[in-house]
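Listed below, chain by chain, are the residues.
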Amino acid sequence: IGMASTGVHSNGFSLVRKVFEMTKESLDTYYDELGTTLGEALLAPTRIYVKALKSVKEAGVRIHACSHITGGGFYENVPRMLKDGTRAVIEKNSYPVLPIFKLLAKKGHIEEKMMYNTFNMGLGMVLAVDPADVDKTMEAIKATGDKPYVIGHIEAGEKGVTLC
């Protein structure tokens, strides 16, 4: 289960600065696809997931593993939560990629793999729970105002992540 981010959070700003000029004019530029200025989109407050995780725990769900999607994106963070001999399979179309990431990729001519290796792409936290607990987990997360998505599964294989 992936939980929605609010934007770039605090990771990948070295790459952001290579893509966009950090001038008042650039940061004050309004983008229709963002629905705001570039500066406001980049400074969206980082979502904190404590309430959602506490709600999941209080719902009686055992979280088998979780990963905060920070610097290193999916490729570096998700494998840290896995046992040897398991891999995560994440379906990229199972949740909305935030417009700021689409704009960064387009303006910076950044390949998709690099985007997923640098940014959270719209998911700030990933949880692994028993399939029988998915509905209960989703409801517990929604109850806190966070947005959860069923994004994939864990399977046997070489430790890592597959984005498909």
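Residues numbered from 1 in each chain as written. Predicted model: local features only at pLDDT ≥ 70, side-chain atom pairs only at ≥ 80, totals over all residues. Heavy atoms only, no water.

*Asks:* Give a detailed account of the overall build of the chain, specifying residues and quantitative values.
*Replies:* Within the chain, the regular secondary structure consists of 8 helices and 9 strands. Here the C-alpha radius of gyration of the chain, 16 Å, is about what a compact globule of 164 residues would show, namely 15 Å. Here the C-alpha coordinates of the chain stretch approximately 50 × 35 × 20 Å along the principal axes. Scored against the burial criterion, the 164 residues of the chain give a buried share of 48%. Taking the contacts inside the chain whose residues are at least 6 apart along the sequence as the reference set, 80% of them involve residues at least 24 apart. Each charge class in the chain was averaged separately, 20 positive and 19 negative side chains, and the resulting centres sit 4 Å apart. (Helix = DSSP H or I, 4+ residues; strand = E, 2+ residues; numbered from the N terminus. Rg over C-alpha atoms; globule rule 2.2 N^0.38 Å. Buried < 20%, exposed > 50% of the residue type's maximum accessible area, 1.4 Å probe, protein only. Contact = heavy atoms within 4.5 Å. Lys, Arg positive; Asp, Glu negative; His and termini not counted. Charge placed at Lys NZ, Arg CZ, Asp CG, Glu CD.)

*Asks:* Break down the sheet that holds strand E5 (residues 86–90) for me, citing the residues and quoting the values.
*Replies:* Strand order in this open sheet of 3 strands is E8-E5-E9, and the pairing throughout is mixed. The sheet is open, and its two edges are formed by strand E8 (152–156) and strand E9 (160–163), each paired on a single side. Strand-to-strand twist in this sheet, taken as the mean axis angle between neighbours without regard to direction, amounts to 25°. Of the strand pairs in this sheet, E5 and E8 are connected by 5 bridges, and their pairing is antiparallel. (Pairing = 2+ DSSP bridges. Axes fitted to C-alpha atoms, helices over the stretch in contact; angles between N-to-C directions.)

*Asks:* Account for the nonpolar core, with residues named and values stated.
*Replies:* Core analysis: the biggest nonpolar cluster contains 35 residues, and Phe74, Ile100, Phe101, Leu104, Phe119 and Met121 have the highest contact counts within it. Listing elements by their share of this core, those giving two or more residues are helix H1 (13–19), helix H3 (38–42), E5, helix H6 (99–108), helix H7 (112–118), strand E6 (123–129) and E9. No other element matches the 4 residues that H6 contributes to this core. Counting 13 residues, the second largest nonpolar core, distinct from the first, contains Ile1, Ala52, Met125 and Leu127. (Core = buried A, V, L, I, M, F, W, Y, C linked by side-chain atoms within 4.5 Å.)

*Asks:* Quick rundown of the packing of aromatic side chains? Include the residues and the values.
*Replies:* Counted according to the given criterion, the structure contains 3 aromatic pairs. Relative to tyrosine 149, the ring of tyrosine 95 has its centre 6.5 Å away and its plane inclined at 50°; by these criteria the two rings are tilted. Residue tyrosine 95 is located in the loop between E5 and H6, and its partner tyrosine 149 is located in strand E7 (residues 148–149); the two are separated by 54 residues in the primary sequence. Relative accessible area serves as the criterion here: at 5%, tyrosine 95 is assigned to the buried category. Stacked on the ring of tyrosine 75, the Lys or Arg lysine 113 has its end atom at 5.1 Å from the ring centre. (Phe/Tyr/Trp six-rings, centres within 6.5 Å; stacked < 30°, edge-to-face > 60°. Lys NZ or Arg CZ within 6 Å of the ring centre and 35° of its normal.)

*Asks:* Talk me through the pairing of E5; I want residue IDs and the actual numbers.
*Replies:* Of all 5 residues in E5, 5 are buried; the element is thus mostly enclosed. Residues Thr86, Ala88 and Ile90 line one face of E5 and the alternating positions Arg87 and Val89 line the opposite face, and both faces are buried.

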